[in-house]
Amino acid sequence: MTSSSTPNTLPKAPREFGFWLNGQSVDAGTRDLNTRISPGHDVAVTRIPRCTAEDVDAAVASAKAAFDDRRWSGLSGADRAAVLLKTAELIRARMEEIVYWEVVESGKPISQVRGEVGGCIGMFEYASGLARSLHGDSFNNLGDGMFGIVTREPVGVVGLITPWNFPFLILCERVPYILASGCTIVAKPSEFTSSSTLILAEILSEAGLPDGVMNVVTGPGSTVGQALTEHQHVDMLSFTGSTNVGRSVVNAAGKTNFKKLGLELGGKNPQVVFADADLDDAADGVVFGICFNTGQCCVSGSRLIVERSVADKLTALIKEKMAKVRVGDPLDEATQVGAITTDAQKQTILSYIEKGQAEGADLVCGQGALDLGMGSYIGPVVFGNVSADMSIFRDEIFGPVLTISTFDTLEEAIALANDTDYGLAASVWSKNIDTALQATRQIKAGRFWVNTTLSGGPELPLGGFKQSGWGREAGIYGVEEYTQIKSVHVEIGKRNHWVE
Ligand code: TXE
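Every value quoted in this text rests on a predicted model; they were computed, and no experiment measured them.

Asker: Teacher, can you tell me more about the overall build of the protein here?
Answerer: The secondary structure content of the protein amounts to 16 helices and 27 strands. Computed over C-alpha atoms, the radius of gyration of the protein comes to 24 Å, within 12% of the 23 Å expected from 2.2 N^0.38 for 500 residues, which places it in the range of a compact globule. Its C-alpha atoms put the protein at 80 × 60 × 40 Å along the principal axes. Pairs at least 24 apart in sequence give 74% of the contacts found in the protein among residues at least 6 apart. If the 43 positive side-chain charges of the protein are averaged to one point and the 59 negative ones to another, these points end up 2 Å apart.

Asker: Would you take a moment to explain the domain arrangement of the protein for this structure?
Answerer: Note: interface size is frequently given as the accessible area lost on complex formation between the parts. What the domain assignment reports for the protein is domain 1 (9–265 + 468–486) and domain 2 (270–450). Distance from the C-alpha centre of domain 1 to the C-alpha centre of domain 2: 31 Å. Taken together, the contact pairs 29 residues of domain 1 with 28 residues of domain 2. Summed over both partners, the interface of domain 1 with domain 2 buries about 2,200 Å², with 57% contributed by carbon and sulfur atoms. For the pair domain 1 and domain 2, the interface holds 1 salt bridge.

Asker: Even after reading the chapter, I still don't get the environment of Leu33, so can you show me in this structure?
Answerer: Take Leu33: it is sitting in strand E5 (residues 33–37). Sequence separation of Leu33 and Ile48 is 15 residues, and the distance between their C-alpha atoms is 5.3 Å. With near-sequence residues (within four places) excluded, Leu33 lies in contact with Glu16, Ala28, Arg47, Ile48, Pro49 and Arg50.

Asker: Could you clarify how one ought to interpret the site of the ligand in this entry?
Answerer: Taken together, the neighbourhood of the ligand is formed by 25 residues, with Trp164, Lys188, Glu191, Ser242 and Glu396 sitting nearest. In this structure, Trp164 approaches the ligand through a side-chain N or O atom, which is 2.5 Å from an oxygen atom. One of the side-chain nitrogen or oxygen atoms of Gln226 is found 2.8 Å away from a nitrogen atom of the ligand. Alone, the ligand offers 810 Å² of accessible surface; in the complex the protein occludes 85% of this. With respect to the detected pockets, the ligand is housed in the largest pocket. Top element by residues in the shell around the ligand is helix H8 (residues 221–230). It accounts for 5 residues. In the shell around the ligand, the residues fall into 9 nonpolar, 12 polar and 4 charged. Counting only domains with at least three residues in the shell around the ligand, you end up with domain 1 (9–265 + 468–486) and domain 2 (270–450).

Asker: Please clarify how empty space enclosed by the protein should be interpreted in this entry.
Answerer: Empty space among the atoms can be located by rolling a probe the size of a water molecule over them. Tallied over the full model, the rule gives 3 cavities of 30 Å³ or more. Size it by volume and the largest cavity reaches roughly 70 Å³. If you go around the largest cavity, you meet 13 residues; those closest to its centre are Gly295, Ser300, Ser302, Ile397 and Phe398.

Definitions and cut-offs
Residues numbered from 1 in each chain as written. Predicted model: local features only at pLDDT ≥ 70, side-chain atom pairs only at ≥ 80, totals over all residues. Heavy atoms only, no water. Helix = DSSP H or I, 4+ residues; strand = E, 2+ residues; numbered from the N terminus. Rg over C-alpha atoms; globule rule 2.2 N^0.38 Å. Contact = heavy atoms within 4.5 Å. Lys, Arg positive; Asp, Glu negative; His and termini not counted. Charge placed at Lys NZ, Arg CZ, Asp CG, Glu CD. Domains from an automatic or database assignment. Buried area = accessible area lost by both parts, 1.4 Å probe. Salt bridge = Lys/Arg side-chain N within 4 Å of Asp/Glu carboxyl O. Near = heavy atom within 4 Å. Polar contact = N/O pair within 3.5 Å; in protein donor to acceptor, adjacent residues only side chain to side chain. Areas by Shrake-Rupley, 256 points an atom, 1.4 Å probe, with all protein chains shown as cover. 1 Å grid on protein atoms, 1.4 Å probe; cavity = no way out; pocket = protein on both sides within 12 Å on 5 of 7 lines; lining within 4 Å. Sits in = over half its atoms within 2 Å of the grid points. Nonpolar A, V, L, I, M, F, W, Y, C, P; charged D, E, K, R; others polar. Points joined across faces, edges and corners; volume = space filled by probe spheres on them.

And the structure:
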């Protein structure tokens, strides 16, 4: 593992943002401000208002008014598409600004964030086509006296709660699809990483999105997020975050208006490597799958499950590659692994590194916390000889900690892969098509990769099986998720009277 450090260009003073209400930025005024310290540098980078419950009410009222008067849902798909396409163009124009604030707030490596924002542009472009092609169905087979039409209608006001690990990407895996459906939005970004969401709201407005269609409230989850989940006028809530808060979101929906829910929660995702795989490719994929975003990724490949006969060889390849991973300053273009985004997350990861040793797993490589003279860093750690009863095998660590377990048969591999409460993602590495397809069919996961990992695009949906969540985002599935279905029965000709 090598560390890199180049001169940073950090903000001289923190940038102050307002929250976004009815097409306008609203300054903090008398509200408290949350100062964000860059996790990669320990420098104050942004100041963001802590909204109040009244602000949440105002934002929901704005989104409700915009939905009820049909200023957005009443437009043609073509007109909605034009706004989404223009947004893509404006994101491209402001890409470096979005990338910069995202990097300093999150500690993600700059080259990685640039790739993510590029992907987000693709999401808006693709969703613009979906705004035009969204359609229902018809039934012309109900006899001469009846015609049936099935329409898709936008659900209404959508509350959108997002986490700190992919602030812009997770937002853009949802916003363009929600807008394509005709819904209006109140977004609540993570209190640690709100700036890119606020910049997107500004861009949408400039692209011609009517006022009130996109609103952003900022501040802590326990107050602002909770108020959104409990709000009677939020018709649907999309939540991405921890399983615990996911549970409280389900309870809040049940206690209030039974709002529709979309949930993307945790994952403990298997990387299953068979003896006939290209081991060099697999090693690279496994290292990428656990180091990408410092392992703070719901789809991280955190459990390597490898056929015993090649386990030593693959472990040696992984160790060799891990030694070359560049951990360092998020603003350095060469950095591959940046900072740990929050202090709480750092403590969680370090506690699991201790637990792994206490549970008797072999420490294959990695030293844990790194002192780079600034910020908060953890180098990748690999544990071998891990059994299914260890907490490092079972719990989502959400950090660069890989476990290695072995199997002898396909059945054992599938059983180990499925031995988790989660079902978000999985990868299988094999050059045998029968093996790869059998594993793909039998492992329970919403996203699957064969001989690769963590790839994706706007066409393919995402979401989880089991306790990883409900519903799907992105693709046409992501637009349909934000619609509800109405069936319309049309009588043709004279009614057959009930009363003689
Ligand atoms: O998530 P939280 P945290 C997992 C991962 C991580 C753990 C904790 O294992 O270690 O969760 O991360 C808002 N009502 N994932 O604590 O708290 C909060 O403000 C409504 C997996 O940061 O769930 C933020 O906007 N909202 C995951 C969002 O919820 C509330 C990504 C997520 O924060 C709230 C992130 C409440 N009571 C963490 N409390 C993934 N699937 O990618 C908080 N929030």
